[in-house]
Amino acid sequence: MNETTQLSCFREVFHRRERRAVPLVRQFVRAALVDWTCDVRADDVLLCVSELVTNAVLHGVPPGRGLRVRLYWEQAGGVLRIEVHDSGDGEVRPRDSGAAHDEEGGRGLLLVAALADRWGVGERNPGKVVWCEFGMGDVSVPRVTYPPGRLGVSDPVGG
């Protein structure tokens, strides 16, 4: 009897605090999705990655520092986890829905909350980890236990 072992896949990338990090991270994530043949909502994943990295560049990364993006594909559970690590402090929360509709920006986490199956914020020393998860196809994301010390884990904020 042949049994196929499904392994977890992991990738990470580091970028300096600059706007060009956003398209570079999108390319990195797109390549991983293709290599892993992830059956996730790629357009939603790439939009959420763009929003999380943009927030890190604009608000989370102090000058002279960088950001780290980690991807974790749990094949057995069909879960893709994206983490954006930065060394900045500050609270991460979606914009108040009562804010002026004509203001530019400030809606990134609302998009992440709407598109991702789960998302949240974890602690990091220094800084924080903002993450989101996607399930295969239209399947909801089950809880997955991640290796300790490798990926930031916290309770979900929404999604």
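Residues numbered from 1 in each chain as written. Predicted model: local features only at pLDDT ≥ 70, side-chain atom pairs only at ≥ 80, totals over all residues. Heavy atoms only, no water.

1. Looking at the side chain of serine 87
Line of reasoning, step 1. Among the structural elements, serine 87 can be located in the loop between strand S3 (79-86) and helix H3 (108-115).
Line of reasoning, step 2. On the accessibility criterion, serine 87 (14% relative accessible area) is buried.
Line of reasoning, step 3. For serine 87, the side chain forms a polar contact with the side chain of arginine 65, separated by 3.3 Å.
Line of reasoning, step 4. Aside from chain neighbours lying at most four places away, what touches serine 87 is Gly60, Pro62, Arg65, Arg124, Pro126 and Gly127. (Helix = DSSP H or I, 4+ residues; strand = E, 2+ residues; numbered from the N terminus. Buried < 20%, exposed > 50% of the residue type's maximum accessible area, 1.4 Å probe, protein only. Polar contact = N/O pair within 3.5 Å; in protein donor to acceptor, adjacent residues only side chain to side chain. Contact = heavy atoms within 4.5 Å.)

2. Here we look at the confidence of the model for the protein chain
Line of reasoning, step 1. On average, residues of the protein chain carry a pLDDT of 80, and 72% of them reach 70 or more.
Line of reasoning, step 2. In the predicted structure, residues 142-159 sits below a pLDDT of 50 and forms 46 contacts with residues beyond four places in sequence or in another chain. (pLDDT = per-residue confidence, 0-100.)

3. Digging into the pattern of salt bridges
Line of reasoning, step 1. Under the definition given, this model contains eleven salt bridges.
Line of reasoning, step 2. Its salt-bridge partner being aspartate 35, residue arginine 11 comes within 2.8 Å of it at the nearest N-O pair. With arginine 11 in strand S1 (residues 8-16) and aspartate 35 in helix H1 (residues 21-36), this residue pair connects regions lying 24 residues apart in the sequence.
Line of reasoning, step 3. Close ionic contact of arginine 20 with glutamate 18 constitutes a salt bridge, the shortest N to O distance being 2.8 Å.
Line of reasoning, step 4. Note on arginine 20: relative accessible area 52%, which makes it exposed.
Line of reasoning, step 5. Overlapping salt bridges bring together Arg81, Glu83, Arg118 and Glu133 as one network. (Salt bridge = Lys/Arg side-chain N within 4 Å of Asp/Glu carboxyl O.)

4. Considerations on the nonpolar core
Line of reasoning, step 1. Ranked by size, the top nonpolar core spans 35 residues in total, and within it Val29, Val45, Val53 and Cys132 carry the most contacts.
Line of reasoning, step 2. Contributions of two or more residues to this core are made by S1, H1, helix H2 (42-60), strand S2 (66-74), S3, H3 and strand S5 (128-135).
Line of reasoning, step 3. Sequence-distant contacts of valine 45, defined by excluding residues within four places in its chain, comprise Val29, Leu33, Val40, Leu80, Ile82 and Phe134. (Core = buried A, V, L, I, M, F, W, Y, C linked by side-chain atoms within 4.5 Å.)

5. Description of the pairing of S2
Line of reasoning, step 1. Along S2, eight of the nine residues are buried, which leaves the element largely enclosed by surrounding structure.
Line of reasoning, step 2. In the sheet, S1 pairs with S2 via nine bridges, with the strands oriented antiparallel. Paired with serine 8 across the strands is glutamate 74, a residue of S2.
Line of reasoning, step 3. Linking S2 to S3, which pair antiparallel, is a turn of four residues; within it glycine 78 sits at a positive phi near 65°. (Pairing = 2+ DSSP bridges.)

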